[in-house]
Amino acid sequence: MLRAFAIGLLCASSAAAEPLTRKQSDTLDTFNNARAQFEQVLRQRRAQIDSKQGLPNLPGQALYRARNNMISAYKDLTDALPSKIGGPNKYGIPPAYFSADNEPLLDEYRRLFDVMQAPPANAQNSDTPFKDIVDLGTAIARAKGLDAASAEAAGRISLGLFFAETNGNQNIGNARSNKYKGSLQTGVPEDRNGQRKWAAIRKSIAAFDPALIARDDREEARAGNIDRRYNHWIAVRNGLMNAHADIFPQVPAIVKTLPDPIDQMKLFELIQIVPSPTRSAMASRDLAGYRVSDPKIMFYLRNNSMFTFGQADRAKTSATFREILDAMWLFNEKFERALAKFDEVRKQGKG
């Protein structure tokens, strides 16, 4: 159960000791109100869930917007009062955007999404969900002609996509969309496209990894007539084949251009969010410097928590891919966990 926290009052009381301008005072009030609204929405959803009330359609939208409003208002506050920038927080959010004092609110936010996005009763979990993703990503990359090191990088990137899309939870629903479901959050058309592409590459994988194809046969038989997006193995397989397998041949060049593994994961996540400009950037001679300015693309980025927090960020009408990658800081903590999990999988495989 979410408890009340007096963070807003603490902000108000410490700020009261400073000679605030009218703008600073208004910005402080806006933040306190945004934080109170976020806490109110969290309480409302928790009460509905605990009392087993019916939830509205897309129950996560109000939570998502309230969270973003609070982070946005805090950024405006620290722009107006830089002294409010505190220390680091466990979510890896830049301190100018988020105070560690508000971590309990994000803790509850995640707990509520875990409930609202729980897999359906007929979902088919895997006992080795992380290894499955690494195995599939690596095998697909090998079938695309990559050497062992680059195929391993593709497996690592694939695991990052899973954490970006589901926070590391298999077979989940989606509290913000009625379209995207499962372990790689695909729609029905994307899932079917991935299935078709998998059928075309399957024989080449069988030639060097018959055990993986045997596992695939078992999962196909197990899935039967359910929505295939709720079989973890099949959802990951089809999701990777739909959008990312065609990019795997570029992994060596991507690793050379973006040596940071987290940047590599971010780039592949952008294939999910804004595929056309991402492909154009990758085809250019200057990936990091490639600039996007289409208002629709900027909207999609903002809808995925980039350039959406604070008036200064929202005022941006264009951005280079380096700026976009840097703005994906909400993904950092997820990708760091993906890297840690990848190291575990790799050590277990060697053992």
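You'll find the structure just up there.
Overview of the structure. (Residues numbered from 1 in each chain as written. Predicted model: local features only at pLDDT ≥ 70, side-chain atom pairs only at ≥ 80, totals over all residues. Heavy atoms only, no water.)

Two side chains that carry opposite charge are able to pair once their charged atoms sit near each other. Enumeration over the complete set of coordinates arrives at 27 salt bridges. A salt bridge links Glu219 to Arg215; its shortest N-O distance comes to 3.0 Å. With Glu219 and Arg215 both in helix 8 (residues 210–223), this residue pair falls four residues apart, about one helical turn. We classify Glu219 as buried; its relative accessible area is 7%. Among the residues examined, Arg215 registers a relative accessible area of 17% and is labelled buried. (Salt bridge = Lys/Arg side-chain N within 4 Å of Asp/Glu carboxyl O. Helix = DSSP H or I, 4+ residues; strand = E, 2+ residues; numbered from the N terminus. Buried < 20%, exposed > 50% of the residue type's maximum accessible area, 1.4 Å probe, protein only.)

This paragraph deals with the packing of aromatic side chains. Each aromatic ring pair is described using two quantities: the centre-to-centre distance and the angle formed by the ring planes. All told, the structure shown has 13 aromatic pairs when counted by the stated rule. When the centroid spacing of 4.8 Å and the interplanar angle of 50 degrees are considered together, the rings of Tyr109 and Phe113 count as tilted. Taken together, the residues span about one helical turn, with Tyr109 and Phe113 both in helix 4 (residues 103–116) at a distance of four residues. A relative accessible area of 9% means that Tyr109 is categorised as buried. Using a relative accessible area of 10% as the deciding quantity, one classes Phe113 as buried. Measuring from ring centre to ring centre gives 5.9 Å for Phe248 and Phe268, while their planes differ by 45 degrees; the resulting arrangement is tilted. Taken together, the positions of Phe248 in the loop between helix 9 (232–244) and helix 10 (251–257) and Phe268 in helix 11 (residues 261–273) put the pair 20 residues apart, joining distant regions of the chain. Given a relative accessible area of 0%, Phe248 falls into the buried group. In this structure Phe268 comes out as buried when scored by relative accessible area, which is 1%. Of the aromatic side chains, those joined through ring pairs into one cluster are Phe38, Tyr109 and Phe113. (Phe/Tyr/Trp six-rings, centres within 6.5 Å; stacked < 30°, edge-to-face > 60°.)

Attention now moves to the nonpolar core. Counting 64 residues, the largest nonpolar core has Trp198, Leu270, Leu301, Met306 and Ile324 as the members making the most contacts within it. At nine residues, helix 6 (residues 148–166) tops the list of elements feeding residues into this core. Leaving out residues up to four positions away in the same chain, Leu301 has contacts with Leu270, Val274, Met306, Phe307 and Ile324. (Core = buried A, V, L, I, M, F, W, Y, C linked by side-chain atoms within 4.5 Å. Contact = heavy atoms within 4.5 Å.)

We now examine the environment of Ala223. Relative to the helices and strands, Ala223 is located in helix 8. For Ala223, a relative accessible area of 2% puts it in the buried group. Between the alpha carbons of Ala223 and Trp233 there is a distance of 9.8 Å; along the sequence they are ten residues apart. For Ala223, the contacting residues outside a window of four places in its chain are Gln124, Arg228, Asn231 and Ile234.

This part is about helix 6. Look at helix 6: 27 Å from first C-alpha to last across 19 residues, which is about the 27 Å you get at 1.5 Å a residue. In terms of residue burial, helix 6 counts as a mostly covered element, since 15 of its 19 residues are buried. Downstream of helix 6 by one or two residues, Asn167 has phi in the positive range, about 60 degrees. (Expected span 1.5 Å × (residues − 1).)

To continue, consider unusual backbone geometry. Unusually for a residue other than glycine, Asn167 sits at a positive phi of about 60 degrees. Within the secondary structure, Asn167 sits in the loop between helix 6 and helix 7 (188–208). Classification of Asn167 as buried rests on a relative accessible area of 19%. The backbone phi angle of Ser305 is positive, close to 70 degrees, even though this residue is not glycine. Looking at where Ser305 falls in the secondary structure, it is placed in the loop between helix 13 (295–303) and helix 14 (311–314).

The first and last C-alpha atoms of helix 4 sit 20 Å apart over 14 residues, in line with the 20 Å expected at 1.5 Å per residue. Of all the positions in helix 4, only Glu103, Leu105, Leu106, Asp107, Glu108, Tyr109, Leu112, Phe113 and Met116 are classed as buried.

Along the chain, Gly194 turns up in helix 7. Classification of Gly194 by relative accessible area gives buried; the value is 0%. Separated by 43 residues in sequence, Gly194 and Arg237 have C-alpha atoms that sit 7.4 Å apart. Look past the residues within four positions of Gly194 in its chain and what remains in contact with it is Asn238, Met241 and Asn242.

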